[in-house]
Amino acid sequence: ELLEILSETKDPLRVQPHLRKCFEGIKSVSFEKDLCITAMCSPENEVIPFISPVDPKNKNIENWMVEVKDAMLAAVRYNMLQSIINYTEISRVEWMQRWAAQCVLNGSQCHWTREVEEHLNANGNKGCWDYYQILVKQL
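Structure report, in brief.

**A word on the overall build of the protein chain**
A tally of helices and strands in the protein chain yields five helices and three strands. Reading the secondary structure of the protein chain in the N-to-C direction produces α-α-β-β-β-α-α-α. Whereas a compact globule of 139 residues would reach a radius of gyration of roughly 14 Å, the protein chain reaches 20 Å, over 25% beyond that. Principal axes of the C-alpha set define a box for the protein chain whose edges measure 65 × 25 × 20 Å. Counting the 139 residues in the protein chain, one finds 33% classified as buried. Once local pairs closer than 6 in sequence are excluded, the contacts in the protein chain between residues at least 24 apart make up 28%. When the accessible area of the protein chain is evaluated, it comes to approximately 9,200 Å², of which 56% is carbon and sulfur surface. If you average the places of the 15 positive and of the 19 negative side-chain charges in the protein chain, the two averages end up 2 Å apart.

Rendered as structure tokens:
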């Protein structure tokens, strides 16, 4: 399959069926009419836009695939940070529906840790019980 991927270098669109094998959790990438790659899509159809597009034209496949990988990492990092910031700005239900599952899982863990520490520091063990009551209401 690697040879097949490498043989598709003239047409970046023909690499699309092989992306699942190259990148875990990626079903496809979004190509614009000019062939620039602007986003990634998960098997669950969650779309994460790239911070800057990847232009595969006139490049070797091994070069632009590395650029795609770098764009994926940057996009996930950026979305993760934005989701963590956004957590305190909107309701939890709206927040969970707005962001990709990976961002929700990791953002929830960051805020859960912070909130547990705040409740423990403020009221000791009673603070944990108080926070438990808050968590039950969120469910």
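Having seen the structure, we can now continue with the description.
**Some points on the sheet that holds strand 1 (residues 28-31)**
Across the sheet, three strands lie side by side as 1-2-3; this open sheet has antiparallel pairing. The strands lining the two open edges of the sheet, one partner per strand, are strand 1 and strand 3 (47-54). Recorded for the sheet is a direction-independent mean angle of 25° between the axes of neighbouring strands. Packing against the sheet, helix 3 (residues 61-86) makes contact with strand 1, strand 2 (37-41) and strand 3, and its axis sits at approximately 125° to strand 3.

**Remarks on the pattern of salt bridges**
In this structure the tally under the stated criterion is seven salt bridges. Among the ionic pairs, Lys57 bridges to Asp55, the shortest N-O distance being 2.9 Å. The closest approach of N and O atoms between Lys59 and Glu67, which form a salt bridge, is 2.9 Å.

**What to know about the state of the cysteines**
Considering all chains together, one arrives at zero disulfides under this definition. Note on Cys36: no disulfide assigned, nearest cysteine sulfur contributed by Cys41 at a separation of 19 Å. What makes Cys36 buried here is its relative accessible area of 12%.

**Observations concerning the environment of Met96**
Topologically, Met96 is positioned in helix 4 (residues 92-98). Taking C-alpha positions, Met96 is 9.2 Å from Ser83, a pair spaced 13 residues apart along the chain.

**Thoughts on unusual backbone geometry**
A positive phi angle, near 65°, is found at Asn45, a position not held by glycine. Among the structural elements, Asn45 can be located in the loop between strand 2 and strand 3. Residue Asn58 is not a glycine yet carries a positive backbone phi of 60°. Relative to the helices and strands, Asn58 is located in the loop between strand 3 and helix 3.

**A few points about the packing of aromatic side chains**
Within this structure, the stated rule accounts for two aromatic pairs. For the pair Tyr87 and Trp95, a centre-to-centre distance of 4.8 Å together with 90° between the ring planes defines the contact as edge-to-face. Comparing Tyr87 with Trp95, the two get one shared label, buried.

About the criteria used
- Residues numbered from 1 in each chain as written.
- Predicted model: local features only at pLDDT ≥ 70, side-chain atom pairs only at ≥ 80, totals over all residues.
- Heavy atoms only, no water.
- Helix = DSSP H or I, 4+ residues; strand = E, 2+ residues; numbered from the N terminus.
- Rg over C-alpha atoms; globule rule 2.2 N^0.38 Å.
- Buried < 20%, exposed > 50% of the residue type's maximum accessible area, 1.4 Å probe, protein only.
- Contact = heavy atoms within 4.5 Å.
- Areas by Shrake-Rupley, 256 points an atom, 1.4 Å probe, with all protein chains shown as cover.
- Lys, Arg positive; Asp, Glu negative; His and termini not counted.
- Charge placed at Lys NZ, Arg CZ, Asp CG, Glu CD.
- Pairing = 2+ DSSP bridges.
- Axes fitted to C-alpha atoms, helices over the stretch in contact; angles between N-to-C directions.
- Salt bridge = Lys/Arg side-chain N within 4 Å of Asp/Glu carboxyl O.
- Disulfide = S-S within 2.5 Å.
- Phe/Tyr/Trp six-rings, centres within 6.5 Å; stacked < 30°, edge-to-face > 60°.

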